[in-house]
Structure formats: structure tokens, C-alpha cells
Amino acid sequence: MIQKYLAFIRVGYARARAEPAEHYARVLFLIVILGVFSSLWRAVASTGANVGGDPHTFVWYLAMTEWVLMSAPHIHFRIEDDVRRGDVAYQIVRPASYLGAHFAEGLGALAARAPVLLAGACVGAWIFGGAPAHPRSVGRAIAFGCVASLVVMSYNIVLGLSAFWLGDIAPVYWIWQKLTFVLGGLLLPLTLYPDVVIRIARVTPFSAVLAGPASFVLDRPFFSGGMLVLALIGWACVAALIAVTIFHSIARRLQLNGG
Amino acid sequence: MTISIRSARSVSRFSRALFVTSLASAMAQRGAFLMQVALMALNNAIFFTFWIVLFSRVSRIRGYALGDVAVLYGIVAIGVGLAVTVAGGGPHLARFIHEGELDAVLSQPKPTLVYVLGRRTVASGIGDVVSGVAMIALSGIVDLSRIPVVLVAILASTTIFVATCVLFNSIAFWLGRVETASRQLVESVITFSLYPEPLFGGAMRLLLFTLVPAGFVGYLPARMVRAPSIAVTVELVGAAVVYASAAWYVFNRGLRTYSSGSRFEFNG
């Protein structure tokens, strides 16, 4: 039972490693983004405005949020491809769960991507933000960030399943991504947003997966460690429940239509 | 000369027909089409809240106020939106090349690049255009007298973005499977073009006006709209011609190395 999913993990890992150009492009993109934001924060700081923190620490915060988000494999596009090409029809009759297989493959890809991107994020943050002000907090952010990437990946599966209705999932993905920007505090720490945004963010998965781990580097955690563990587990369960419910409903319809 | 003008007219008629067919195909599922348009417009509005929050704390960032960022964002949104609406095959070109999907169009009498670019319309591009128009209108910088300038800026931005998609994706002719890397590069052009130009200096600035031409997709067109001048117009139109020519050359050069994917496909 476990063996076949281990095989999917190995496939995911091998497939991710087979595209080194993608890794390098991502790492480069991450480092450049950190450079852009370091420049933005310096420009904002030079106006004398109070942005509620040190620009250098904000670079480390961004490095952590971007790392979590970029490490999560884009399984949703693979599911979209399965739907568009009709491959899903033969994949669901395999003796392995369609969702389980994608999750396992994603896990393998995550294992290949996360360490490389983490190295890129830390190097970039060090170059543009200097040494971390709270090194131990960076360690905590990384530990929670690994779990958070897994939760992000689970929601990517849910996004991918929307292809059964929409065909092209790009718009839903963009909306999801932008909600992550705002409610997850991807670019700006959530504490800079108005209270109403912070209140909404607390009851969404976005703050748990991004601001939760990354805010440790600001030394002003958005969630306490215990709360963050509960939030991440809770939101992972919600993602699993949604994915399984949607997929079962779709699979029933597919079998009926397919005759 | 007469033949080349006739040929250009023929390609132009073909491109129009291709666009109409692709658009009709995208609109076949009207509900999904409208949802994609609406969601993309909403997506752009959500992203812009980042700038609203930031500019609620500072009035200007290196000479850029909120209205200037709205113009920049509007130009890029319309430019990219038009590009994926009219030439929606561009962002997927690497996959077409790697998986042998060009086989079906190689035997067509019209230029392969035109066919490949125009055979797909991305519905969400129209949402980009709608939100871009709204942002420019609400920026408080553009009045009716500047509409011709805005149109030239958008046309140049669109041309350069399509050319960039072709250039990045044509790498697949030589390197094989580069779809994700190409997509990353194209996305990085969009991402960097959405930040105020003065944030970038030195090597980064050189990069953004050459290999990752976010400067020509966003900054220069926005500069032209904010403060029109002949020098900027010439620079922008010149860049559009250079990038379009480079894309045409690189794609056709790559086409010579293309090997079939033995793919069977029906084209209506």
C-alpha cells in the first residue's frame, strides 16, 4: 500500500531534479525579488515614514514567505493538464488514489525544491538584508515553513480540481495567489494592514501558511508556536476534506458520462 | 514589393480570421469565459491593495505617487492582457515545441509563428484589459488628450511582451523541456514591470532593459504616458521593432532545428 506512494514520491523527486533549469530560474527569481524589495524598503525608510520595523528584517521576512510559497510544487497545473488532455480518465482507474498519487508526487517535488530554494532565500536575504537580527527565530521559521509548504501544496491540489469546472484554472490561481499576497502577508507583514484585514486574515489559511512561520524572524510572531501547529494541522485537514469531497463528486460524474 | 505588400495583407487577413476563430472558441463556454474575465479583473484589484496600503504610509517613493503606480500597472495589465488575448499561444510555445505540436501547423501555407501564436486566446486577458483601463482612468494623470499616446504605449508594450514570450519559449528548440523555466522568465517580466522604475539601478536596470525587458513592457510606456516626449516615443517604438524582429528571427532559426513529435492532430 505504502510502497506505491513511495514510488510516486520518488517519481516526483526525480522529475523535479530532472529540470535543473527550473530550479535555477526560481532561485534567481527569488534572489532578484529580494533585491527589489530591499530597494523598495530602503526607499520607504528614506522618506522617514514609520513602517513598523527595520527594512533589513523585512527582507528576511520576505525571504521566508517567498520560500514557503515557491517551494510548494504547482500540482494544480498538472491536474489542469490531466483534465485538458483527458488523461484523468485513465489515471482514476489505476490501483492508486488519483489525489494520493498527486500528493505523493508533490511531496517528492517539494523535497527536491525546498532545500535549494531555502539556500537561495538565505543567501539573498543575507546579501540584501545582512545577518538575521534573530538567528534562532530564523530556525523556527524554517521548521514551521516546511510544514506550511505542505499545506500550500494541499490547497494547490484543491485549486487544480477546479479545472473540472473551469477548464483554465489560471484566473482562480491568480485570485488565490493575490489573496495569499494580502491575507498571507506575503510582501508586507500583516501588522501593516488595517485591523479589518488582520481580523479576516486570522480566519483564513493564508496567514497560517505565510505570516505564521515568517513572522518569527520579526520576533513578533503572528501566532504563538502552539497555535501555529494547531492552525497548520487544522487547515491541512480542511484542504484534504475539500479535495476528497470535490474529487468524489467529480469521479462519480465522470464515470456516468464515460459510460 | 507588390508581392510583399500583398503577402503582408494576406497574413494580416489571416491573423484577423485566426483571432476571431480563437475568440469564438474561448467564448464557446460563455459562463467560464465571463468568470475568467471577472476573476482576472478582481485579481488585479486585489494586488493593487499592496500599493494602497504602502502609499497610505508614504506619499511618494522616489518620485512615484499612487497615481503613477496606477498608470504603470494599467499599462502593463492592458499590454499583457492584449498579448494573451491576441497571441495566447505565446506563453505555451515551449510546450508546443517540446511535445511536437508544431507538426500540425508546419504544412500550413501561412507563417508558422503567426499560426502558433494566434491559435489560442486566453480569456482572462480581457479581464486584464478591463482592469488596466479602469486603473489608468482612475489614476488622475491621463486626460482625453493623451489617449493617442496611451494607445501607442500599449501597442508597443503588447508587441514587446509577445516578442519576449517567443524569445523565452523558443529556447525549447535547443534545450528541449524548458516549459517551466520559460514560464518563470515570462512571469518575471510581468512581476518586475509592476514596480516603480526608480527602484532599480546599475546592473539590475541593465537587465530590465535587455534580457528581461520589463523596462520596455512597463516603465518606458508608463513614462511616455506620464510625460510624453518624442525621444521616449522613438526609443519605445524602436525597442518594439528590435524585439519583434529578434523574436521572428530566433523562432524561424529554431524552426530549422525542430524535429517532429510524430503527433497526429486535426485542425479545423
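Being a predicted model, the structure only gives us computed values, none of them experimental. (Residues numbered from 1 in each chain as written. Chains lettered and ligands numbered in written order. Predicted model: local features only at pLDDT ≥ 70, side-chain atom pairs only at ≥ 80, totals over all residues.)

A. Summary view of the overall build of chain A. Counting its secondary structure elements, chain A contains twelve helices and zero strands. The N-to-C order of helical and strand elements in chain A reads α-α-α-α-α-α-α-α-α-α-α-α. At 19 Å, chain A has a C-alpha radius of gyration in line with the 18 Å of a compact globule built from 259 residues. When its C-alpha atoms are laid out on the principal axes, chain A stretches across 70 × 40 × 30 Å. Excluding contacts between residues fewer than 6 apart, the proportion of contacts in chain A whose partners are at least 24 apart in sequence is 82%. (Helix = DSSP H or I, 4+ residues; strand = E, 2+ residues; numbered from the N terminus. Rg over C-alpha atoms; globule rule 2.2 N^0.38 Å. Contact = placed C-beta atoms within 7 Å.)

B. Expanded view of the overall build of chain B. For chain B, the helix and strand inventory stands at 13 helices and zero strands. Moving toward the C terminus, one meets the helices and strands of chain B in the order α-α-α-α-α-α-α-α-α-α-α-α-α. Relative to its 268 residues, chain B shows a buried fraction of 47%. Looking at chain B alone, contacts between residues at least 24 apart form 82% of all its contacts between residues at least 6 apart. (Buried ≥ 20, exposed ≤ 12 C-beta atoms within 10 Å, placed from the backbone.)

C. Representation of helix H8 (residues 147-170) of chain B. With 24 residues, H8(B) should reach 34 Å at 1.5 Å per residue; the first-to-last C-alpha distance of 34 Å fits that figure. The element H8(B) is extensively covered by neighbouring structure, given that 18 of its 24 residues are classed as buried. (Expected span 1.5 Å × (residues − 1).)

D. Focus on the packing of helix H6 (residues 98-129) of chain A against helix H7 (residues 135-161) of chain A. Residue and element names in this part refer to chain A. Following both chains from N to C, one finds H6 and H7 inclined at 140 degrees, their axes separated by 10 Å at the closest point. For the element pair H6 / H7, the angle class is oblique. Crossing handedness for the pair H6 and H7: right-handed. The segment H6 lies against H7, with Leu99, His102, Phe103, Gly106, Leu110, Ala114 and Leu118 engaging Ile142, Cys146, Ser149, Leu150, Met153 and Ile157. Taken together, the residues of the contact of H6 with H7 sort by class into ten nonpolar, three polar and no charged. (Axes fitted to C-alpha atoms, helices over the stretch in contact; angles between N-to-C directions. Parallel < 35°, antiparallel > 145°, perpendicular 65-115°, else oblique. Left-handed = near helix turned anticlockwise from the far one by under 90°. Nonpolar A, V, L, I, M, F, W, Y, C, P; charged D, E, K, R; others polar.)

E. Geometry of the interface of chain A and chain B. Contacts between the two partners involve 31 residues from chain A, matched on the other side by 29 residues from chain B. Listing elements by their share of the side of chain A that touches chain B, those giving two or more residues are helix H2 (20-46) and helix H9 (170-183) of chain A. At eleven residues, H2(A) tops the list of elements feeding residues into the side of chain A that touches chain B. Across the side of chain A that touches chain B, the residue classes tally to 22 nonpolar, four polar and five charged.

F. Fine view of the nonpolar core. By size, the foremost hydrophobic cluster in this structure holds 170 residues, and its most contacted members are Val59(A), Met64(A) and Val151(A). A total of 14 residues in this core trace back to one element, the largest contributor, which is helix H3 (residues 66-86) of chain B. With near-sequence residues (within four places) excluded, Met64(A) lies in contact with Ala121(A), Ala141(A), Gly145(A), Pro213(A), Ala214(A) and Val217(A). (Core = buried A, V, L, I, M, F, W, Y, C linked by C-beta atoms within 7 Å.)

G. Quick peek at the packing of H8(B) against helix H13 (residues 230-257) of chain B. Residue and element names in this part refer to chain B. Put simply, H8 and H13 touch, their axes get as near as 8 Å, and they point 25 degrees apart. In this view, H8 runs roughly parallel relative to H13, as classed from their interaxial angle. Classified by chirality, the crossing of H13 by H8 is left-handed. Where H8 abuts H13, its residues Val152, Ala153, Ala156, Thr159, Ile160, Ala163, Thr164, Val166, Leu167 and Ser170 lie against Thr233, Leu236, Val237, Ala239, Ala240, Tyr243, Ala244, Ala246, Ala247, Val250, Phe251 and Gly254. For the contact of H8 with H13, the class distribution of residues is 17 nonpolar, five polar and no charged.

H. Geometry of the environment of Arg226(B). All names here are of chain B. Here Arg226 shows up in helix H12 (residues 214-226). Through-space distance from the C-alpha of Arg226 to that of Leu144 is 13 Å; in sequence the pair is 82 residues apart. Apart from residues no more than four positions distant in its own chain, Arg226 is found in contact with Asp68, Val71 and Ile141.

I. Fine view of unusual backbone geometry. Although it is not a glycine, Arg62(B) adopts a positive phi angle of roughly 45 degrees. Residue position: Arg62(B) is located in the loop between helix H2 (30-55) and H3.

J. Up close: the confidence of the model for chain B. Counting all residues, the mean pLDDT for chain B is 88, and 96% of those residues have values of 70 or more. Mean pLDDT per element in chain B: helix H1 (residues 2-26) of chain B is the minimum at 80, and H8(B) is the maximum at 96. (pLDDT = per-residue confidence, 0-100.)

K. Just helix H3 (residues 55-71) of chain A, in detail. When the terminal C-alpha atoms of H3(A) are compared, their 24 Å separation across 17 residues agrees well with the 24 Å that a helix rising 1.5 Å per residue should span. Along H3(A), 15 of the 17 residues are buried, which leaves the element largely enclosed by surrounding structure.

L. Local environment of the environment of Gln91(A). Residues and elements named next belong to chain A. Looking at where Gln91 falls in the secondary structure, it is placed in helix H5 (residues 88-91). Since 14 C-beta atoms lie within 10 Å of it, Gln91 is described here as partly exposed. For the pair Gln91 and Ala101, spaced ten residues apart in the sequence, the C-alpha separation amounts to 9.6 Å.

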